[in-house]
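Residues per chain are reported as follows:
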Amino acid sequence: MASEEPSITIGDISGNNTVAVGSNARAESHVHHGPAAQPDEATRQLLEAVRQLREDLGRVNSSEQTAALDEALAETETEITGTGQAGPTRRQRLRELLADSQALVTFLSSAGAVATLLGM
């Protein structure tokens, strides 16, 4: 009688560990990422200003402009918290939206803070 001992396979595929045990086993892949990059001081200040402006936007009447600005601010916040920085394209988009919302920028000091940190 032949022995039916399970086989064990352990592999490493592009940094992912996989394990399969037995003839009917399925492999599972687990990816472990290190902590997100920490933003520098200027980016931390921008993140805080972005958060403050998003909070302040909730206090004004919503419009197409404020909705677009809030969406861009949310994306910026996500990018900074995920990567530690806001890329040049993202910063340029915020500059454009703030320039289009000059009345809002004048009205909300938090918008002025973001504009200043973006070099406007």
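The structure presented is a predicted model; accordingly, all values stated were derived computationally and were not measured.

K.L.:
Just to check I follow, could you spell out the packing of helix α1 (residues 41–57) against helix α5 (residues 109–117) for this structure?
P.N.:
In a packed pair of helices, the relevant descriptors are the angle between the two axes and the axis-to-axis distance. The contact between α1 and α5 brings their axes to 8 Å, and the two run at 150 degrees. Between α1 and α5, the angle falls in the class roughly antiparallel. With respect to the hand of their crossing, α1 and α5 are arranged in left-handed fashion. Contacts between α1 and α5 involve Gln45, Leu46, Ala49, Val50, Gln52, Leu53 and Asp56 from the former and Ser110, Ala111, Ala113, Val114 and Leu117 from the latter.

K.L.:
Explain the nonpolar core to me, please; I cannot follow it from the model alone.
P.N.:
Generally speaking, soluble globular proteins have nonpolar side chains that are buried together. Counting residues in hydrophobic clusters, the biggest one holds 21 residues, and the most contacted among them are Leu53, Leu57, Leu69, Leu98 and Val114. Within the residue set of this core, elements represented by two or more residues are α1, α2 (64–83), α3 (88–100) and α5. Tallying contributions element by element places α1 first for this core, with 6 residues. Leave out the neighbours within four places in its chain, and Leu53 touches Leu69, Leu73, Leu98, Leu108, Ser110, Ala111 and Val114.

Conventions we followed
- Residues numbered from 1 in each chain as written.
- Predicted model: local features only at pLDDT ≥ 70, side-chain atom pairs only at ≥ 80, totals over all residues.
- Heavy atoms only, no water.
- Axes fitted to C-alpha atoms, helices over the stretch in contact; angles between N-to-C directions.
- Helix = DSSP H or I, 4+ residues; strand = E, 2+ residues; numbered from the N terminus.
- Parallel < 35°, antiparallel > 145°, perpendicular 65-115°, else oblique.
- Left-handed = near helix turned anticlockwise from the far one by under 90°.
- Contact = heavy atoms within 4.5 Å.
- Core = buried A, V, L, I, M, F, W, Y, C linked by side-chain atoms within 4.5 Å.
- Buried < 20%, exposed > 50% of the residue type's maximum accessible area, 1.4 Å probe, protein only.

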